[in-house]
Every structure is written in structure tokens, then in C-alpha cells.
Amino acid sequence: MKRRDFLKISSAAIASIAMDGRFTAAADERASDRSKTSVKGAITCRKDLKTGDDISLLGYGCMRWPMIASDGGQKRVDQQKVNELTDQAIANGVNYFDTAPVYLRGQSEKATGAALARHPREKWKIATKLSNFQDWSREASMKMYEDSFRNLGVDVIDYYLLHAVGDSMEDFNKRYVDNGMLDFLTREREKGKIVHLGYSFHGDRKMFDTLLETHSKWHWDFIQIQMNYVDWDYAESGNCNARHMYDKLTGAGIPVIIMEPLLGGRLANVADSVEEKLRLRDPRASAARWAFRFAGSWDNVLCVLSGMTFREHLEDNLETFSPLKALDESEKEFLSRIAKLIHDYPTVPCTGCDYCMPCPYGVDIPGNFRHYNKCVQEGFVDIKPDGKNESADQYNQEMKEFRKNRRKYLISYQRDVMRESRANKCINCGQCIQHCPQDIKIPQELRKIDLLVENLRRSIED
Ligand code: SF4
Ligand code: SF4
């Protein structure tokens, strides 16, 4: 079930559900014994030990602002809605906003800056990034840095990140060291133009450890990592397990910012069988709430980012974080079993970040993966039962269901992904691969989807 649908149904149902002590008392009520955790008004905050500022544990990820179609057919940010969401977030204590020059094809910084400019500067912190993926020359990198101040309309950037590092040290040196940008940025930090300097990481364990060694030279103020209850022990596509990264960063005394707490939305829209288990444990909590509680339950986490497109998402998250009830040990154990179940589903680990876009041949890469993952999770894809402990009758019944689902898959594919953007338009040029922080073999996965569609079509015609 989609998160929005769940929220609509559950808000009506909540009133009728009797309070059950097992569910309320089971959540961890303790106030953190670490001095940096506090509750300001309603929302849980963490103390930034460098500045003494209270940072809301829920941060606004600005890569998924609502969009509307403009005259030319290109989508543009719906500024009115962005303003409303920002107002509501700030009114409820959210004060950390995370954007980047490349988000929403270059529209996010300006939209975020315009919305925030309507509030006093002391009410919010802004994080943005040096996203010099395509052109890492000094000139282009400097321009990107200076543009960020202009786009955001600020004199000081509170949190500045080297964007998506972790491919290789060669890549890191090329983008930030050889062109003198890191030397420049550390001087900017000394001058106070940047308050905190850090990086967002996507890569394997070896690269994580190697990069962390640079702390002695660059003195990172924070590091942003992909962390959620699946990636904790089951990071995919050669990514480093979050447990390892979190432990290392905590040991090094570097605060953690969390990205992808919902694993690109996959932990909000889980398979029905998984959702049933979550509901049994707590009928009032959305799947997303479980994921956010996991992310916020670690003391060294400064902020958990969430890209909230709809008001329902913001309101559900505000409820989760106001204040956050940390998971107890039995709940962590429960989620680790759920993580194993989710990990075993054959989905593509796409987070919908859009870094691979645009494809020069028009393929909607995340759109194809989103549709495929949704169908896998809803059981529309032909995953054959393994036959264990099943009678012939049960098996035949399931196979009948799978056949019916093939048709559903094709119909929804035609509806969700435009003809000219489908997987069969991929010519395997390989241009997108280097941009994917999840290290997905994009053309191979698209080929699999294309073959699946072909097979489904043929099996229906037969
Ligand atoms: S490999 Fe396929 S999806 Fe990737 S850029 Fe080339 S055509 Fe587009
Ligand atoms: S394929 Fe990779 S780069 Fe493209 S949207 Fe998915 S995660 Fe992002």
C-alpha cells in the first residue's frame, strides 16, 4: 500500500483503535543520556557541538519538491507548494534544509532559497553541495560554488558537502584536490563563509575507510551516509553497510547526517507481506514511521533527511519526530528480521535520485525501475513459488494468480512509463553508469526489464 493511502486510512482508523499498552510502552521513552539530544517545543533536536545550535532531527531533503508541468512540457517546481511546505516545516521546528545544484535538474536551490528567504535567517540552516560530476575544472567548480550563494540568497552556507564521493581516490582527487578546491573550501571555512565542511558518501567499505583517513588532514565536520534498517547489514550493489560506517564515524567523533532513510521510498511502500508484519506489531504506525524511528534512534545522528513531497508525508514525519521515540532492542531485532525479508526481494536498488538523468536516448531510468520495483513488491512480477511445504492445489492456485498478475504488470507499465521512455529504448551506450551512486548496472537492469516485458507479452498472446 502506498504511504499516502495508508496515511489517509489510518488517520480515520486511529480514533477507533483502543490504546494498547504493548505498543505504547514498548517504544523507548527514555530521554537520551547524551547531552546533545533535546526536545525543543515538540520536535526532537540534536545539539551541534561545533556551534552549540539545536538541529531538528528531521531535516528537509529538497530533491523531491512538488513539480507541475509548464508550458513547454518541461516540469517546473511548484513554488507555491514549496512555500507552504516550508512554512509548515519551520512552524513545527524543522530547521535543516538540504539541497544541491543538481537536484530537480538545477531548480532546487533557487526554489528552496526563495521559500526560506521568507523566514528569519536564524530559523533555518542550509546545506548544499559541490556537485561537480561532469566538469571538475577549477573554473566550473568555483562557478558552481558561487552560484549556490546566489541561488540560495545567503552570505553563509551552514553545511557544505562534497557531493557523492566514494567511487575511487582518483576521482576524489580529480574533483576536489588537484584543482585546489578543497584547499579553497577549507579557507572559506576559516573565513566563516562555510560553517561545516563534509561530504556525502556512496561507495564500498574499502573506499569508506580510505576516505575517512583524510579526516586528519581536512577535519570533516560531518559526513552524510545512506543509512536505513536494510542498509544497516544488507547494503546492495557494493555499497558499504551502514552499521560499519556509523560505528566508524562515531568512533572518530564525526556527526552523521542520514540520507535515504526510506531507501528511495522502498521502505515506505513495502510488499504486502512485509506490511502485514509491521501492522501486526503496531497497527497505527506507517511503514515509513518504522524506518524513521530506526534512523533517529542512534545518538551520533545529527539529522535524518526526508524528501517530503506531500503534506501528508510532512505531517506523518512531524508526528514521528515530535518527539522521536527511539526503538528499543526488541524493535531493532524485529526490524533486522524485516530487513532480511526486504533484502530477499529481487528489486533494483534505485533510490530515484535522478543523477543518471537525462538519458540522451530518452529512457526514463528511475521511472522504469520504480515501476518494476513496485510490481515486484506487489507480487505482479512472475516470481515462482518455491514449492516448499505446498500442496499441488496451493501451487496451482498461486500460478493462476501469477498469470493474472502478468496482465496487470503490462497494463500498469503502459500507464506509468511513456512509450518513448521505456526500457527497450536503451541502446547500452553506458553513459549513465558512472553517475549512479548505487552502482547499478543500469543498461543490464533495463535489458532485464525489457526481456520481462517481452516475455509477459508473449505469454499473454500464447
Ligand atoms: S545506457 Fe541506456 S539508459 Fe544509460 S544513457 Fe545509454 S541509452 Fe540511456
Ligand atoms: S539508477 Fe542510480 S542514478 Fe539513476 S535514479 Fe536510480 S539510483 Fe539514481
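All values derive from a computational prediction rather than experimental measurement.

## Regarding the overall build of the protein
Then step 1. Check the secondary structure of the protein and you find 18 helices and 13 strands.
Then step 2. The proportion of buried residues among the 462 residues of the protein is 52%.
Then step 3. By sequence separation, contacts in the protein at least 24 residues apart represent 77% of the contacts at least 6 residues apart.
Then step 4. Total accessible area computed for the protein in this model is approximately 21300 Å², and 50% of it derives from carbon and sulfur atoms.

## Some thoughts on the site of ligand 1
Then step 1. Close to ligand 1 lie C359, P360, Y361, I365, C426, I427, N428, C429, G430, C432, P443 and L446.
Then step 2. Partitioned by chemical class, the residues of the shell around ligand 1 number ten nonpolar, two polar and no charged.

## As for the site of ligand 2
Then step 1. Close to ligand 2 lie 13 residues; C350, C353, D354, C356 and C436 are nearest.
Then step 2. At three residues, helix 16 (residues 365–377) tops the list of elements feeding residues into the shell around ligand 2.

## A few points about the confidence of the model for the protein
Then step 1. Looking at the protein as a whole, the pLDDT averages 87, with 85% of positions reaching at least 70.
Then step 2. In the model, residues 10–36 has pLDDT below 50 throughout and makes 39 contacts with residues more than four positions away in sequence or in other chains.
Then step 3. Taken together, the stretch residues 383–389 has pLDDT below 50 and engages in eleven contacts with residues farther than four places along the chain or on a different chain.

## Some details on the pairing of strand 4 (residues 58–61)
Then step 1. On strand 4, burial covers both faces: L58 and Y60 on one face and G59 and G61 on the other are all buried.
Then step 2. Where strand 4 meets strand 7 (residues 96–98), two bridges bridge the pair, whose relative direction is parallel. Directly across from G61, in strand 7, lies its bridge partner D98.

## Observations regarding the sheet that holds strand 7
Then step 1. One closed barrel holds the eight strands; their spatial order is 4-7-8-9-10-11-12-13, and the pairing between them is parallel. If you compare each strand with its neighbour and ignore which way they point, the axes differ by 30° on average.
Then step 2. Bridge analysis of strand 7 against strand 8 (residues 125–130) gives three bridges, and the strand direction is parallel. Paired with D98 across the strands is A127, a residue of strand 8.
Then step 3. Helix 13 (residues 287–296) rests against strand 12 (256–259) and strand 13 (301–306) of the sheet, and its axis sits at about 155° to strand 13.

## Examining helix 5 (residues 138–152)
Then step 1. For helix 5, built from 15 residues, the straight-helix expectation of 21 Å at 1.5 Å per residue is met to within 8% by its first-to-last C-alpha distance of 21 Å.
Then step 2. For helix 5, the set of buried residues is S141, M142, Y145, S148, F149 and L152. Taken down its axis, helix 5 places every buried residue within 120° of arc, on the same side. The exposed residues of helix 5 that point more than 90 degrees off its buried face are E139, K143 and R150.
Then step 3. The elements touched by buried residues of helix 5 are helix 4 (108–116), strand 8, strand 9 (157–165), helix 7 (181–191) and strand 10 (194–201).
Then step 4. Taken from the residues just after helix 5, G153 is the one with a positive phi, measuring 70°.

Reading the values: rules and limits
Along each chain, residue indices are assigned from 1 in the same order as the chain's sequence is written. Chain A is the first chain written and ligand 1 is the first ligand written, with later ones labelled in order. Where totals are concerned, whole chains, interfaces and linings use all residues; where local detail is concerned, this predicted model gives features only for residues with pLDDT of at least 70, and gives and counts side-chain atom pairs only at 80 or more. Water and hydrogen atoms play no part in the side-chain values, which are based on all heavy atoms of the structure. The secondary structure listing takes helices from DSSP runs of H or I that are at least 4 residues long and strands from runs of E that are at least 2 residues long, numbered from the N terminus. Partly exposed describes any residue whose relative accessible area lies between the buried limit of under 20% and the exposed limit of over 50%, with all areas from a 1.4 Å probe on protein chains only and scaled to the type maximum. Note on contacts: a residue pair qualifies if any of its non-hydrogen atoms lie within 4.5 Å across the two residues. Calculation of accessible area relied on Shrake-Rupley with a 1.4 Å probe; when residues are assessed, cover is drawn exclusively from the protein chains displayed. Here a residue is near a molecule or strand as soon as one of its heavy atoms is found within 4 Å of it. Classification convention: Asp, Glu, Lys, Arg as charged; Ala, Val, Leu, Ile, Met, Phe, Trp, Tyr, Cys, Pro as nonpolar; all other residues, Gly among them, as polar. You can read pLDDT as the predictor saying how much it trusts each residue, on a scale of 0 to 100. Pairs of strands are assigned from DSSP output, requiring at least two bridges between the strands. Axis geometry follows a simple rule: fit a line to the C-alpha atoms, using only the stretch in contact for helices, then measure angles between N-to-C directions, giving values from 0 to 180 degrees. Multiplying 1.5 Å by the helix residue count minus one yields the expected span of that helix. Note that the arc is defined by the directions from the helix axis to the C-beta atoms.

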